[in-house]
Amino acid sequence: MSKKINKKNPLWGGRFEGSTDSLTQSFSASIDVDKELYAVDIKGSIAYAEALKEAKVITPKEFQKIKRGLIKILAEIKDEKFEWNESLEDVHMNIETALVRKAGNAAKKIHTGRSRNDQVSTDLRMYLSLKIDETLKNITLLQKSIVKQAEKHTSSIMPGFTHLQIAQPVTFGHHLMAWYEMLDRDFARLADAKHRMSVLPLGSAALAGSRYRINRNFLAKKLGFKSLSRNSIDAVSDRDFVIETASSLSILGVHLSRVCEEIVLWSSSQFAYVNLSDEVCTGSSIMPQKKNPDVAELIRGGSSKTIANLMGLLSLMKNLPLSYNRDMQEDKAFVFDSLNYINDSLVLLSIVIRGMKVNIKKMEAECKLGQITATDLADYLVEKSIPFRKAHEIAGKIVAHAESNGMQIFELEISELRKFSKLISEDVYSYLDPVESINSRNLIGGTAPSQVKKEINVAKKNLSTR
Ligand code: ARG
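This report concerns the structure included in the present document. Worth saying up front: this structure is predicted, and the values here are computed from it rather than measured.

Here is what the cut-offs are and how they apply
Every chain is numbered independently, its residues counted from 1 as its sequence is written. The predicted origin of the model limits local features to residues at a pLDDT of at least 70 and limits the giving and counting of side-chain atom pairs to 80 or more, whereas totals for whole chains, interfaces and linings rest on all residues. Side-chain metrics rest on all non-hydrogen atoms present in the structure, leaving aside hydrogens and water. Patch membership requires over 30% relative accessible area and the absence of a salt bridge. Like charges are linked within 9 Å, and nonpolar side chains (Val, Leu, Ile, Met, Phe, Trp, Tyr) within 5 Å. For the area figures, the Shrake-Rupley method with a 1.4 Å probe applies, and any residue is considered shielded solely by the protein chains shown. Salt bridges are counted wherever a side-chain nitrogen of Lys or Arg sits within 4 Å of a carboxyl oxygen of Asp or Glu. The helix count covers DSSP runs of H or I at least four residues long, the strand count covers runs of E at least two residues long, and both are numbered beginning at the N terminus. Whether a residue is buried, partly exposed or exposed follows from its accessible area with a 1.4 Å probe, protein chains only, as a fraction of its type maximum: under 20%, in between, or over 50%, in that order. Cavity: a set of points on a 1 Å grid over the protein atoms alone where a 1.4 Å probe fits but cannot get out. Pocket: an open set with protein on both sides within 12 Å along at least five of seven lines, its lining residues, like those of a cavity, having an atom within 4 Å of a point. Grid points are joined across faces, edges and corners, and a volume is the space filled by probe spheres set on the points. The nonpolar class holds Ala, Val, Leu, Ile, Met, Phe, Trp, Tyr, Cys and Pro. Asp, Glu, Lys and Arg form the charged class, and all remaining residues, Gly among them, are polar.

**A look at a nonpolar patch on the surface**
- On the surface, a cluster of nonpolar side chains totalling about 310 Å² of accessible area is made up of V254, I307, M311 and L314.
- The leading source of residues in the nonpolar patch is helix α11 (residues 294-317), at three residues.
- Relative to the elements of secondary structure, M311 occurs in helix α11.
- On the basis of relative accessibility, which here comes to 45%, the residue M311 falls in the partly exposed class.

Here's what the structure looks like:
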């Protein structure tokens, strides 16, 4: 049962005669989620108070009082001495109310020409920029752990897969560096999202702009924004920057899930390509022999949250009329959840990869399965001037012949091979060797050890500039 509360809201209660229903109050409160914004909110308010002083809306003395009060509040929150109050709805009103207690009448002027609509957008942009910085750092951490493993395995051979079927030999280092590339795009996407969100909404007030002559360029500079919003209605309506961040995080989440899926597969006893360190595995409560790749599985599974959060944000914004609508308050829970998941996952996955023991022998042995060099056989025939389509057909027939005898193509006698083409001679066997196969893929982006080494150097240079 909800009941009436006997107090009016001190910040917006003026036009109300009745008091708020208690369920309305708790239903509309967002403090549990948005208190995360406290540090940027305070930074924004100090800058805004200074702009009010410059515009002669408040006196220098009042500015000092406000500033001191806000700094005290910041310390109290950091020391966990601040009392958050649900009846004050959100982080902005909690801080403003506390400021009134500390700075008296001066504090009652801080919101002059400002609305929570431009305030929350400013706060969220600042907060997400900082969080993106943290994410970029963690992407780099993960990329470094990948490069470190790749460096040890520029010549280790493994079966490469398509359709999860053995396809062609590759180097393990090359496969690891594919993960690096995926993460490099994630890095660029997030850096780009951060760049695009650097537009200051403050000064837009509720939706129409402020009547006070606050210096928006000064505010942008103080708060680290690259430019000013050019339309006050758009400025308070826009949540593209939240969606872009969540979108980049969901692509990153999908990448992490694919990497983790490979780690789960490779650490199974059927594959046994890698052995995971104990610190990232757990046992079973019934099967004593089990060592499960839980961290990799949880990262793989948890990535679904990033997709759900993106869908949540898109459907939250779809059909909303301009400008601000209270629905938009829900944006934070979605994007904060994605950020938390991604940052934990990046750190944990870098531990998984750093501690991964690689079973080179097993991977090498499996390069003798699946007729892995059949493409090289076709390439051999092409070099003997047979057109590729024809060469493909001949190689296919040789594969079928080998399979019907339970053999691999490299095990066939030369006399057997020559039954399919008189152009085949002894030199074919080097083409059927997996090591020769990887060495021959020696062009930019290819799997040859020398190319992989080159790419690792490019990567290391790239990482050292961050
Ligand atoms: N807590 C709100 C949010 O996050 C702040 C803006 C509220 N504005 C309003 N007019 N009620 O969106």
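**Considerations on the layout of surface pockets**
- In this model, the largest pocket occupies a volume close to 470 Å³.
- Forming the boundary of the largest pocket are 20 residues, of which F161, H175, A178, W179 and E262 lie nearest the centre.
- Only β1 (157-162), β2 (165-171), α7 (172-196) and α10 (240-266) provide two or more residues apiece to the lining of the largest pocket.
- Take the lining of the largest pocket: its biggest share by element is six residues, from α10.
- Here the residues of the lining of the largest pocket sort into 11 nonpolar, six polar and three charged.

**Observations regarding the pattern of salt bridges**
- For the coordinates displayed, the defined rule picks out 26 salt bridges.
- Residue R466 is joined to D184 by a salt bridge in which the shortest nitrogen-to-oxygen separation is 2.7 Å. In this pair, R466 is assigned in the segment after α19 (449-464) and D184 in helix α7, connecting sequence segments 282 residues apart.
- Its relative accessible area of 21% is what places D184 among the partly exposed residues.
- Across the pair R189 and D186 runs a salt bridge, and its minimum N-O distance is 3.3 Å. Taken as a pair, R189 and D186 lie in helix α7 at a separation of three residues, close to a single helical turn.

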